[in-house]
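# Coordinate inspection notes
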Amino acid sequence: MTRASHVALLMLIACGSSKDGTSTRPAPTDGLTDTAPPTSPTPTGTPDTATTGTDTGTDTGSPPPTGATGTSADTGTFVGTPPTLTAGPTLSDPPLVNTVPLTQLLSVSTVEPTELTVHLDDGERTVHVHFPAVATEHEVPLLGLPAGDTIEVTVDLESDAGVLRGVTAGSVTTPAAPSPFPIVDVLAHDPARAEPGYLFFSIKSPEPGIDYLLAFDDRMRLVWWWDDIGNYGDVRVLPDTATIVGIYQNHAVHRDFLGVETLRYRPNASEPHELPSPFFSIHHELYPVDDGSWWALCSGSTVVPAYPTTYTDPTTLGGPASVADECIAHVGADGTLLSRWWATDLLDTTRIGFDSLSLTGSGRDWVHLNGVVPTDDGGAIVSSRHQGALFKVSAGGDLEWILADPEGWSAAFQPYVLTPRGQVLWPYHQHAPALADDGTLWVFDNHSHGRTPYTDALSASPEVTRLAGFRVDPVAMTVEMVGGYAETATGELYSPALGDADPMPLTGNILGDFGFIDGESGQTHYDLGRGRKAVRLVEMDPDNPSTPALDVRLSSDRKEFPEGWKMYRASKIPSLYPADVEVRWTDR
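In this text the structure is predicted, and so the values were computed from the model without any measurement. (Residues numbered from 1 in each chain as written. Predicted model: local features only at pLDDT ≥ 70, side-chain atom pairs only at ≥ 80, totals over all residues. Heavy atoms only, no water.)

## Section: the overall build of the protein chain
Scanning the protein chain from N- to C-terminus turns up zero helices and 44 strands. Expressed as a percentage of its 588 residues, the buried residues of the protein chain come to 58%. Accessible area for the protein chain stands at about 22,500 Å²; split by element, carbon and sulfur atoms hold 51% of it. (Helix = DSSP H or I, 4+ residues; strand = E, 2+ residues; numbered from the N terminus. Buried < 20%, exposed > 50% of the residue type's maximum accessible area, 1.4 Å probe, protein only. Areas by Shrake-Rupley, 256 points an atom, 1.4 Å probe, with all protein chains shown as cover.)

## Considering the packing of aromatic side chains
On inspection of all chains with the given rule, the structure shows 17 aromatic pairs. Here the aromatic rings of phenylalanine 201 and phenylalanine 216 are separated by 5.9 Å at their centres, their planes lie at 15°, and the arrangement is stacked. Note that phenylalanine 201 is positioned in strand 12 (residues 198-204) and phenylalanine 216 in strand 13 (residues 211-216), a separation of 15 residues in sequence. Given the relative accessible area of 1%, phenylalanine 201 is considered buried. Of the aromatic side chains, those joined through ring pairs into one cluster are Phe181, Tyr212, Phe561 and Trp565. Above the ring of tyrosine 248, the side-chain terminus of arginine 255 is found at 4.9 Å from the ring centroid. (Phe/Tyr/Trp six-rings, centres within 6.5 Å; stacked < 30°, edge-to-face > 60°. Lys NZ or Arg CZ within 6 Å of the ring centre and 35° of its normal.)

## Remarks on the nonpolar core
The biggest cluster of nonpolar side chains holds 44 residues, and the ones touching the most others in it are Leu106 and Phe257. The biggest single contributor to this core is strand 7 (residues 104-121), with six residues. Of all hydrophobic cores here, the second largest spans 29 residues; its members include Val382, Ala389, Phe391 and Phe413. (Core = buried A, V, L, I, M, F, W, Y, C linked by side-chain atoms within 4.5 Å.)

## Side note on the environment of proline 132
Here proline 132 is to be found in strand 8 (residues 125-142). Note: C-alpha distance between proline 132 and leucine 116 (16 residues apart in sequence) is 7.5 Å.

## Here's the deal with the sheet that holds strand 32 (residues 419-421)
Here five strands make up an open sheet; going across it, the order is 32-36-35-34-33 and the pairing mixed. Edge positions in the open sheet fall to strand 32 and strand 33 (431-435), since each of these has one partner strand only. Pairs of neighbouring strands in the sheet enclose a mean axial angle of 30°, with direction left out of account. Pairing analysis gives five bridges linking strand 34 (residues 441-445) to strand 35 (residues 466-473), with the strands arranged antiparallel. Opposite phenylalanine 444, over in strand 35, you have leucine 467 as the bridge partner. (Pairing = 2+ DSSP bridges. Axes fitted to C-alpha atoms, helices over the stretch in contact; angles between N-to-C directions.)

## Notes on the environment of tryptophan 295
Considering the arrangement of structural elements, one finds tryptophan 295 in strand 21 (residues 294-304). Along the backbone, tryptophan 295 and alanine 380 are 85 residues apart, and their C-alpha atoms lie at a distance of 9.1 Å.

## Some details on the pairing of strand 15 (residues 232-238)
Where burial is concerned, most of strand 15 is hidden: five out of the seven residues are buried. In the sheet, strand 15 pairs with strand 16 (residues 243-248) via five bridges, with the strands oriented antiparallel. Considered in strand 16, the bridge of valine 235 is made with glycine 246. Count of turn residues in the strand 15/strand 16 antiparallel hairpin: four residues, of which alanine 242 carries a positive phi of about 55°.

## Examining the confidence of the model for the protein chain
The predicted model of the protein chain averages 89 in pLDDT, with 87% of residues at 70 or higher. A low-confidence stretch, residues 1-74 stays under pLDDT 50, and its non-local contacts, those more than four residues away or across chains, total 284 contacts. (pLDDT = per-residue confidence, 0-100. Contact = heavy atoms within 4.5 Å.)

## Let's talk about the sheet that holds strand 29 (residues 380-384)
Strand order in the open sheet formed by four strands is 28-29-30-31, with antiparallel pairing between adjacent strands. Because the sheet does not close on itself, it has two edges, and the strands there are strand 28 (369-374) and strand 31 (399-404). Across this sheet, the average inter-strand angle for adjacent strands is 20°, counted without regard to direction. For strand 29 and strand 30 (residues 389-393), the ladder comprises five bridges, and the chain directions are antiparallel. Bridging from a neighbouring strand, serine 383 pairs with leucine 390 of strand 30.

## A short note on unusual backbone geometry
Peptide bonds are mostly trans, and most non-glycine residues show a negative phi. Cis geometry marks the peptide bond from glycine 88 to proline 89; its omega dihedral reads 5°. Along the chain, the position of proline 89 falls in strand 6 (residues 85-92). Non-glycine residue aspartate 355 carries a positive phi angle of around 85°. Among the structural elements, aspartate 355 can be located in the loop between strand 25 (337-342) and strand 26 (359-360). If you check the backbone angles, methionine 477 has positive phi at about 60° while not being a glycine.

## Section: the environment of aspartate 234
Mapped onto the fold, aspartate 234 is located in strand 15. Residues aspartate 234 and phenylalanine 201 lie 33 residues apart in sequence; the distance between their C-alpha atoms is 9.0 Å. Residues within four places of aspartate 234 in sequence aside, it is in contact with Val245, Gly246, Ile247, His284, Glu285, Leu286, Tyr568 and Arg569. Only 2.9 Å separates the side chain of aspartate 234 from the backbone nitrogen of leucine 286, close enough to count as a polar contact. (Polar contact = N/O pair within 3.5 Å; in protein donor to acceptor, adjacent residues only side chain to side chain.)

## Description of the pattern of salt bridges
Taken as a whole and judged by the stated rule, the model has 30 salt bridges. Between arginine 221 and aspartate 149 there is a salt bridge, and its shortest N-O distance comes to 3.1 Å. In this pair, arginine 221 is assigned in the loop between strand 13 and strand 14 (222-227) and aspartate 149 in the loop between strand 8 and strand 9 (150-158), connecting sequence segments 72 residues apart. Salt-bridge contacts for arginine 264 lead to glutamate 261; the nearest nitrogen and oxygen are separated by 2.8 Å. Connected through salt bridges with shared partners, the residues Asp122, Glu124, Asp149, Asp217, Arg219 and Arg221 form a single ionic network. (Salt bridge = Lys/Arg side-chain N within 4 Å of Asp/Glu carboxyl O.)

## Describing the side chain of glutamine 387
Within the fold, glutamine 387 resides in the loop between strand 29 and strand 30. Glutamine 387 gets classed as buried once you look at its relative accessible area, which sits at 3%. For glutamine 387, the side chain forms a polar contact with the main-chain oxygen of arginine 351, separated by 2.8 Å. Not counting chain neighbours up to four residues away, the residues in contact with glutamine 387 comprise Arg351, Ile352, Gly353, Ser356, Trp366, Val367 and Trp409.

As structure tokens, then:
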């Protein structure tokens, strides 16, 4: 059983112009225990799309010139007048190889300007990576190398006059997965229905001090990992540049797949790669925008004139109370604060949900914002865990609507509460709002308590976590539930905290991260011999909701790692390389 994780970022050091080419990218997987039935390879995809399956094995770039052909024991085969090597190809460790062990650098030089294609053969699959730069000196990253394996590396070099193919660069022997590491069980996997791409996420233990960024390919093999001091919260990859963007040590940080921190926002910026930030700390969400700006959540404290004191009688208000106020912030690419809206100016401070009476260092945890997604009109949709509410804020900072259980809202806020169309199961303690291309609002509905404190316990719906989709009509002020997926390979699950629901752009599937579960099928993980917490990554197929396209468990052995693992969010990314690097593969 091979374990592999991958996080991929690419740095190109090359000169010259680029040529267009066509090819497809490989899809990610993580090669661990797979209990799903074997499936046949899927077709290759289109340019700029990670795909699974077997490609044609043809070379990328321009067609080779006609003319002489031949072979050389030292430099492979050639067509036409091949380019002349002046150095390399050679493999070397990148500077941060101890932090990102499944990476290498390849260097090669020629007399003539050339394009470079690298072939990475692990014995089961050969991955072909075509770099677009035309240069006499190439230094490129090699990413997506499976853990615990030996990969043979060859290169092709193409000039205007000819092509030199199959030049041996050597082999790379990669380390096995770090320890401790999750036990990975693949419970279901149908590549034909799954979104192509690499699974990418941060995973950590409830026991502090262990935090990895991981990437798995379509074979579910670990092909990249990052392990360093500090920890990540929300993290994602910008596909055009293969930049890892996330909340790292409470700051907005950019990093490449070679582990290099390329940008950090912090109040007292002093390093060359740092920019000023209006906040000492951000939490839960870092949402990058195409113009370089970003959205996040920040914290504060406010005293409100009246506040409930019990969950059993929430309509009876006590006197003044300190509450943890939180803000929704939009920050420019240069660190300038573009807008900031405080929750106490937007929502009902006399209404509580379960956990709103919990004490924090800033007061009662009244609202607990945990997600924000910008909208095309300049506003944002925000998630409040403790209010069990998703609400829309305009570009001018005005409340537009509230998607939530209608119970408990005071008269001033009732006009903003959306009216259900048909049957709607309200979210409770939800996380991670996301907008699909068709405008559907998806959310990871933890569904804790199944009610608000304003309704009787007998009316509560079961604590079953689901991936919930809603369609909002802001003119009619209505909401319709268009999806609610809870079935996994082992039945329904309950995650009392954390979680993610991401609509997939190509298949329309929904990737769910059940990131904090205590058990399965009515038994605790402890009773099942596992660590206390475990994670399930489940890709739901709306066309076949009873059978996931992918279902992976990440857990631990109770004796070896009793606390287990947890995960905040997860995503699928098309490639570990930037969009202009063409990747495809050939499976044996």
